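# Close look at the chain arrangement
So the chains spell out like this:
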Amino acid sequence: MSWPLASFAILALALAAGFAWYERSRPSSRTVAAVASLAALATLGRIAFAPLPNVKPTTDIVLIAGYTLGGPPGFAVGAVAAVASNIVFGQGPWTPWQMLAWGMVGLLGAVLGRRGPRLPRPAMALICAAAGFGYGLILNFSTWVTFTGQHTLAQFLVIEGEAFPFDLAHAIGNFVFFLAFGPALIRVLSRFRARMDVRWALAGSAPVAVLLGLALLAAGVHAPSARAFANTGIAAPLRYLVGAQNADGGFGLAPGQPSSQLASAWAVIAIAATGEDPAAVSRDKRNAVSWIRGHLGQIQDAGDIERTVLALAAARAPLGALPTRLHSDQRANGSISQQANLTSFAILAWRAAGERAGVMAAAKWLGRQQNGDGGFSFASRGDPSDIDDTAAGAEALAAAGVRGVPLARARSYLEREQNQDGGFPLQPGAASNSQSTAWAVQGLIAAGGPIGRGLGYLRARTGKGGAVQYAAGVTQTPVWVSAEALAALARRPLPIG
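A brief look at the structure comes next. Since the model is a prediction, treat every value here as computed from it, not as a measurement. (Residues numbered from 1 in each chain as written. Predicted model: local features only at pLDDT ≥ 70, side-chain atom pairs only at ≥ 80, totals over all residues. Heavy atoms only, no water.)

### As for the overall build of the chain
Regarding its fold elements, the chain presents 20 helices and two strands. For the chain, the residues scored as buried account for 56% of the 497 residues in total. In the chain, the share of contacts with a sequence separation of at least 24, taken over all contacts with a separation of at least 6, comes to 66%. Per element, the accessible surface of the chain, about 19,200 Å² overall, is 62% carbon and sulfur. (Helix = DSSP H or I, 4+ residues; strand = E, 2+ residues; numbered from the N terminus. Buried < 20%, exposed > 50% of the residue type's maximum accessible area, 1.4 Å probe, protein only. Contact = heavy atoms within 4.5 Å. Areas by Shrake-Rupley, 256 points an atom, 1.4 Å probe, with all protein chains shown as cover.)

### What about the side chain of asparagine 174?
Looking at where asparagine 174 falls in the secondary structure, it is placed in helix α7 (residues 153–197). With relative accessibility at 0%, the residue asparagine 174 sits in the buried group. When residues no more than four places from it in sequence are discounted, the contact partners of asparagine 174 are Lys56, Thr59, Asp60, Cys128, Ala129 and Gly132.

### Side note on the side chain of glutamine 261
Its location among the elements puts glutamine 261 in helix α10 (residues 261–273). Among the residues examined, glutamine 261 registers a relative accessible area of 3% and is labelled buried. Separated by 2.9 Å, the side chain of glutamine 261 and the backbone oxygen of isoleucine 292 make a polar contact. Of note is the side chain of glutamine 261, whose polar atom sits 2.5 Å from the backbone oxygen of histidine 295. (Polar contact = N/O pair within 3.5 Å; in protein donor to acceptor, adjacent residues only side chain to side chain.)

### Focus on the nonpolar core
With 50 residues, the main nonpolar core has Ile347 and Leu366 as its most contacted residues. Per-element tally for this core: the top contributor is helix α14 (residues 340–352), with eight residues. In contact with leucine 366, not counting residues within four places along its chain, are Ala340, Thr343, Ser344, Ile347, Phe376, Gly393, Ala396 and Leu397. Counting residues in hydrophobic clusters, the runner-up holds 34 residues, among them Ala34, Ile61, Leu63 and Ala65. (Core = buried A, V, L, I, M, F, W, Y, C linked by side-chain atoms within 4.5 Å.)

### Things to note about the layout of surface pockets
A probe as big as a water molecule, rolled over the atoms, marks out the empty space that is left. What the second largest pocket holds in volume is close to 380 Å³. Contributing to the lining of the second largest pocket are 16 residues, with Leu119, Pro183, Arg187, Ser337 and Gln338 lying nearest its centre. Taken together, the elements giving at least two residues each to the lining of the second largest pocket come down to α6 (121–146) and α7. For the lining of the second largest pocket, the element with the highest residue contribution is α7, accounting for four residues. Residue composition of the lining of the second largest pocket, grouped by class: eight nonpolar, four polar and four charged. (1 Å grid on protein atoms, 1.4 Å probe; cavity = no way out; pocket = protein on both sides within 12 Å on 5 of 7 lines; lining within 4 Å. Points joined across faces, edges and corners; volume = space filled by probe spheres on them. Nonpolar A, V, L, I, M, F, W, Y, C, P; charged D, E, K, R; others polar.)

### Description of the environment of glycine 109
In this structure, glycine 109 sits in helix α5 (residues 94–114). What makes glycine 109 buried here is its relative accessible area of 0%. With 48 residues separating them in the primary sequence, glycine 109 and isoleucine 61 have C-alpha atoms 9.9 Å apart. Excluding anything up to four places from it in sequence, glycine 109 contacts Leu63, Gly66 and Tyr67.

### Details of helix α19 (residues 452–460)
Listed as buried for α19 are Gly454, Leu455, Tyr457 and Leu458. All buried residues of α19 project into a common sector of 155 degrees when viewed along the axis, lining one side. (Arc of directions from axis to C-beta.)

### Things to note about the packing of aromatic side chains
Aromatic ring pairs: the centre-centre distance and the angle between the two ring planes describe each pair. On inspection of all chains with the given rule, the structure shows eight aromatic pairs. Here the aromatic rings of phenylalanine 141 and tryptophan 144 are separated by 5.6 Å at their centres, their planes lie at 50 degrees, and the arrangement is tilted. Of this pair, phenylalanine 141 and tryptophan 144 both sit in helix α6, separated by three residues, roughly a single helical turn. For phenylalanine 141, a relative accessible area of 33% corresponds to the partly exposed category. Using a relative accessible area of 10% as the deciding quantity, one classes tryptophan 144 as buried. Ring geometry for phenylalanine 345 and tryptophan 439: centres 6.3 Å apart, planes at 70 degrees, overall edge-to-face. Of the two residues, phenylalanine 345 sits in helix α14 while tryptophan 439 sits in helix α18 (residues 434–447), which places them 94 residues apart along the sequence. With respect to burial, phenylalanine 345 and tryptophan 439 carry one shared label: buried. Here a set of aromatic residues connected by ring pairs shows up, and it is made of Trp97, Phe141, Trp144 and Phe156. Geometry around tyrosine 457 places arginine 461 over its ring, the cationic atom sitting 4.9 Å from the centre. (Phe/Tyr/Trp six-rings, centres within 6.5 Å; stacked < 30°, edge-to-face > 60°. Lys NZ or Arg CZ within 6 Å of the ring centre and 35° of its normal.)

### Re the environment of glycine 465
Residue placement: glycine 465 occurs in the loop between α19 and α20 (479–490). As for glycine 465 and leucine 238, which are separated by 227 residues in sequence, their C-alpha atoms are 9.9 Å apart. In contact with glycine 465, other than residues within four places in its own chain, are Ala236 and Tyr240.

### Overview of a nonpolar patch on the surface
A cluster of nonpolar side chains, Leu44, Ile47, Ile87, Val88 and Phe89, forms an exposed patch at the surface whose accessible area comes to about 490 Å². Listing elements by their share of the nonpolar patch, those giving two or more residues are α2 (29–48) and α4 (71–89). Of the residues forming the nonpolar patch, the biggest block, three residues, is contributed by α4. Residue placement: leucine 44 occurs in helix α2. The class for leucine 44 is exposed, based on a relative accessible area of 56%. (Patch = residues over 30% accessible without salt bridge, like charges linked within 9 Å, V, L, I, M, F, W, Y side chains within 5 Å. Salt bridge = Lys/Arg side-chain N within 4 Å of Asp/Glu carboxyl O.)

Coordinates in, geometry out; function isn't part of it.
This is how it looks when you write it as structure tokens:
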């Protein structure tokens, strides 16, 4: 077998393995849409900067995709961007190598995303520059394998030397591009992941927390007791959520999908919010609490830890070392990765674990992130306030024991942004949706605000079968929206500490 044939055989196997991994991860429709959008952005970035040889933001975009969304999406963004952009630049034997090279950049981003606290901007910019050299190394290797007859180290070094100016330009461009737009894109994608994968809420005037189910959640309850259905405010939504539990006791992102930590944790929270014991809700004598504890290896980052701690605490199950692991993500200034979103959830998780260590430092940092309008953003002070993160901030401050002006300002922001139909939008001025309304209701409970109109909006969106519409006029009724509405309608606090 010749060098080119052998190398392409190995290359084909590597690409097939990468795409198989992506498919086996069963990405949600929203993740698929995000991958497609990022691949298109990476493609356009390469085309737009074509006049500057080897200067393109593609590598940065691919690395950020992996950093925020994980390995399979990061790999897919890189591989698809290579194929798509070569429709313009020309397909050839170099295309699979470019697919592999950018796919590996996406995997590098995923590794960095799993390592813990967010890296500073200069460090990430330097890593993007290094990724440019790594990409060039793979492409130079492909040239050595495919287009030369002498497969010697000397020949490879010659190719490396000739390519160095282009690789250097690529690295410098990556460094500059990340400094210019990298942090903003990370915030946007992190916000997307939180919006589609995670939701939290607090209920009650005392320091208590309820974690709301999120993105594509199929929270289901197998044979709930009659007591749960006695509350007519939650009966129909709870019925709608029945039946999604898998035979292994866990829950998938949608009925019939494999169980995951994400969906199983939201299912536990939704069940606990109705007053049921999550450990008593089982299928084939298996329950979601046991499934979560048996699959802790799936936990990747601080958000996963926070969600799992709150779920296990809601079920009164042992937490193990999870709260301690979360302390390792706390920075010297008290924040978790400089994000109000993650810091709010860390406060709730620590209080759920009965801990005080780290809570006050986190609450002080979070309090400083409150914007002049009284709201909170996903990241930090100065970014636009939104309803969901303001509600989460109010919940966290209340859980930390903060009272007075900060909560009053958050309450005023939420009341001010409530729409005429009683619902709340994600961003001020937009149309109401059930997800943000459920979130805002919990935030107003924490801040001592009125919730009647918000609950009325949720009831108006609830159909006869119990499914809750995402918004008026929207025919889709995702089960995760019903789960969030159920938690808000139940208004049942979960004691912390």
